[in-house]
There are 2 protein chains.
Amino acid sequence: MVDVTTGRNHGKDLRRYLGPGVHRGRTTDAVTDALREAILDGFLTPTTWLREDEIAAAFEVSRTPVREAMRRLADEGLVVKTAHHGTTVAPLSLEDVLALYVVRENLEGLAARLAAVRCPAGLVERLDEIGSRMKAAAAEADTARLSGLNLEWHRALRDATGNSYLGRFLGQVEHAVRRLPSSTLGHPGRADEVLSEHDAVVRAIEQRDGAAAEQVAKAHMRRAREIRLAVMLGE
Amino acid sequence: MVDVTTGRNHGKDLRRYLGPGVHRGRTTDAVTDALREAILDGFLTPTTWLREDEIAAAFEVSRTPVREAMRRLADEGLVVKTAHHGTTVAPLSLEDVLALYVVRENLEGLAARLAAVRCPAGLVERLDEIGSRMKAAAAEADTARLSGLNLEWHRALRDATGNSYLGRFLGQVEHAVRRLPSSTLGHPGRADEVLSEHDAVVRAIEQRDGAAAEQVAKAHMRRAREIRLAVMLGE
DNA sequence: CGCATTCAGTTTGCATTCAATGATGGACGT
DNA sequence: ACGTCCATCATTGAATGCAAACTGAATGCG
């Protein structure tokens, strides 16, 4: 996908990250999302130089929206800009991963607590519904689908908090986590664990027990971090 | 400062937010910081329309850096863009303030805990030093200086966590809090309270007691929220 | 008289052009 | 042979130009 020798990315392949149609008045947003997806997918790696005119050519747009997109991604911490030379995907060190999970544990715990306290109508049903679809995906060992549903579950939870700041921060955390290579859900036995941990969170929410929801959600994240480290350190 | 009748801002006054010199290769950053300061200062209010060419004229730059700056501020949540019509400063509702303090309580608590656990050399001394300067400012009832030192204290604390994600999120929280009208430090008796609450946090850090540091930091934020609400609701 | 419609004006969105700067590779001196 | 200096180039930074889209008001119709 990426020619490491020259550090150049292949335009044709990159193009598919951008939707096929036109992007009336939303070119910059479309380019931002496309680049972000390419990075989160691992298509663009920290070894790749992202040259503005190359990407503009690949997406068949001008440099302006590409420029703005890269600045936004730089603000998000996904890429690093070097003046007058180029932009690369930001590397993610082991320290960064640890720091990320520490923050994530706290924020997800807070989200679970707030969701339990508010417990908006339909929330428990929605989480359970996603959970049953995850169970089906787990039964088929469809890790990709499972991973997508897992994202959906966590998004549903944070949307239920009704706290826009928390939602924004957890969104940024999600972006960072998705950059990590290969989901932890492929780890043997992890899928079932996740299902039961999610269920514990939902049951606590159902009983409006904020403190319990926070505790089990935090435990869920601590366990996720353990698996993540095991995967990253070669198990 | 702002002509509410026309919704237009006075260029000359806005200009001073941008440093006087040249901004070689950093025009966009300079404009972003200038606009952010103008918003945090309350110079640009939610009733003001931010027109790209007006601001560009006021800063004597082209529309391009202004455009990029506004997009960044929109990502930060400070302004709201309406396609093909304009940009306004985002309003901050009472709900937003409550949501903000909920998240802030958690993040500041986490920061205090991490700082206590790591307790890098010189941290306690630095916090105490800022604290004594705050005491001096409080004695002179210099609320503006006190407020600046308060920011410095909280920044020192979060830098000491060594957690880049936490630092980024607390930075965004700080921006949001600074948008609130008039510091709570002007509230009668609040300055002394803040001093003793800060001191309690530092003493817990000094003893490397993470749990205690977290608790007192969270209590500090809960109290800050109370005062904030009292001020906002007309006391 | 009220409502839909259209048309001009304003403002942003993207493309293109121009300028500045850091990097790269070669020549030269030692 | 190696290090330094300088010219050239590649790349980003900022300015300008042009087209699309949203607003608001004026106008025609029911």
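All of these numbers come straight from a predicted model, not from anything done at the bench.

### A word on the interface of chain B and chain A
Next up, step 1: With 30 residues of chain B at the interface, the matching set in chain A holds 30 residues.
Next up, step 2: Where chain B abuts chain A, roughly 2700 Å² becomes buried across the two surfaces, and 54% of that area is made up of carbon and sulfur atoms.
Next up, step 3: Per-residue buried area on chain B facing chain A is highest for Arg71, Tyr165 and Phe169 of chain B; these three make up 23% of the total on that side.
Next up, step 4: Run the count over chain B and chain A and you get 8 salt bridges.
Next up, step 5: Residue Glu68 of chain A is joined to Arg71 of chain B by a salt bridge in which the shortest nitrogen-to-oxygen separation is 2.8 Å.
Next up, step 6: Along the contact surface separating chain B from chain A lie 11 residue pairs in polar contact (both at pLDDT 80 or more).

### A word on the packing of aromatic side chains
Next up, step 1: All chains considered together, the criterion is met by 3 aromatic pairs over all chains.
Next up, step 2: Look at Tyr17 of chain A and Phe43 of chain A: their rings are 5.5 Å apart centre to centre, the planes differ by 50 degrees, and that puts the pair in the tilted class. A residue pair is termed long-range when its members are at least 10 positions apart, and Tyr17 of chain A in the loop between helix H1 (11-15) and helix H2 (27-40) and Phe43 of chain A in the loop between H2 and strand S3 (49-50) qualify at 26 residues.
Next up, step 3: Assessed through its relative accessible area of 17%, Tyr17 of chain A is described here as buried.
Next up, step 4: We note Arg16 of chain B situated over the ring of Phe43 of chain B; from NZ or CZ to the ring centre the distance is 5.8 Å.

### Describing the protein's contact with DNA strand C
Next up, step 1: Taken together, 21 residues surround DNA strand C, and among them Thr27, Thr28, Ser62 and Thr64 of chain A together with Arg67 of chain B come closest.
Next up, step 2: Within 4 Å of the protein, atoms of DNA strand C come from sugar and phosphate in 73% of cases.
Next up, step 3: Here Thr27 of chain A contributes a backbone N or O atom positioned 2.4 Å from a phosphate oxygen of DNA strand C.
Next up, step 4: Contact distances for DNA strand C include 3.0 Å between a phosphate oxygen and a side-chain N or O atom of Thr28 of chain A.
Next up, step 5: Elements supplying a minimum of two residues to the surface near DNA strand C: H2 and helix H4 (63-76) of chain A together with helix H4 (63-76) of chain B.

### Quick look at the side chain of Glu108 of chain B
All names here are of chain B.
Next up, step 1: Considering the arrangement of structural elements, one finds Glu108 in helix H5 (residues 94-118).
Next up, step 2: Take Glu108: its relative accessible area is 6%, and that puts it in the buried class.
Next up, step 3: Each residue touching Glu108, except ones within four places of it in the same chain, is listed here: His154, Leu157, Leu170, Ala217 and Met221.

### As for unusual backbone geometry
With glycine set apart, most residues show a phi of negative sign, and most peptide bonds adopt trans.
Residues and elements named next belong to chain B.
Next up, step 1: In this structure, His84 is a non-glycine residue whose phi angle is positive, near 60 degrees.
Next up, step 2: The topology assignment puts His84 in the loop between strand S4 (79-82) and strand S5 (86-89).
Next up, step 3: Under the relative-accessibility criterion, His84 is labelled exposed at 84%.
Next up, step 4: Residue Arg208 is not a glycine yet carries a positive backbone phi of 55 degrees.
Next up, step 5: Its place among the elements puts Arg208 in the loop between helix H9 (190-206) and helix H10 (210-232).

### Remarks on the domain arrangement of chain A
Quite often, the size of an interface is put as the accessible area lost when its parts meet.
Next up, step 1: As assigned here, chain A comprises domain 1 (2-89) and domain 2 (94-232).
Next up, step 2: Distance between the C-alpha centres of domain 1 of chain A and domain 2 of chain A: 29 Å.

### Overview of the relation of the copies chain B and chain A
Next up, step 1: Here chain B sits on chain A after a turn of 180 degrees about the axis and a move of 0.1 Å along it, with an RMSD of 0.1 Å. Here the copies are linked by what is in effect a two-fold axis.
Next up, step 2: Here 97% of the contact residues of chain B are again contact residues in chain A; the copies associate through an equivalent surface.

### Looking at the environment of Asn150 of chain A
Residue and element names in this part refer to chain A.
Next up, step 1: Here Asn150 is to be found in helix H7 (residues 143-159).
Next up, step 2: The spacing of Asn150 and Arg36 is 114 residues in sequence and 19 Å in space, taken between C-alpha atoms.
Next up, step 3: Excluding its chain neighbours within four sequence positions, the residues that come into contact with Asn150 are Met134, Leu185, Val194 and His198.

Definitions and limits used
Residues numbered from 1 in each chain as written. Chains lettered and ligands numbered in written order. Predicted model: local features only at pLDDT ≥ 70, side-chain atom pairs only at ≥ 80, totals over all residues. Heavy atoms only, no water. Contact = heavy atoms within 4.5 Å. Buried area = accessible area lost by both parts, 1.4 Å probe. Salt bridge = Lys/Arg side-chain N within 4 Å of Asp/Glu carboxyl O. Polar contact = N/O pair within 3.5 Å; in protein donor to acceptor, adjacent residues only side chain to side chain. Phe/Tyr/Trp six-rings, centres within 6.5 Å; stacked < 30°, edge-to-face > 60°. Helix = DSSP H or I, 4+ residues; strand = E, 2+ residues; numbered from the N terminus. Buried < 20%, exposed > 50% of the residue type's maximum accessible area, 1.4 Å probe, protein only. Lys NZ or Arg CZ within 6 Å of the ring centre and 35° of its normal. Near = heavy atom within 4 Å. Domains from an automatic or database assignment. Least-squares fit on C-alpha atoms with pLDDT ≥ 70 in both.

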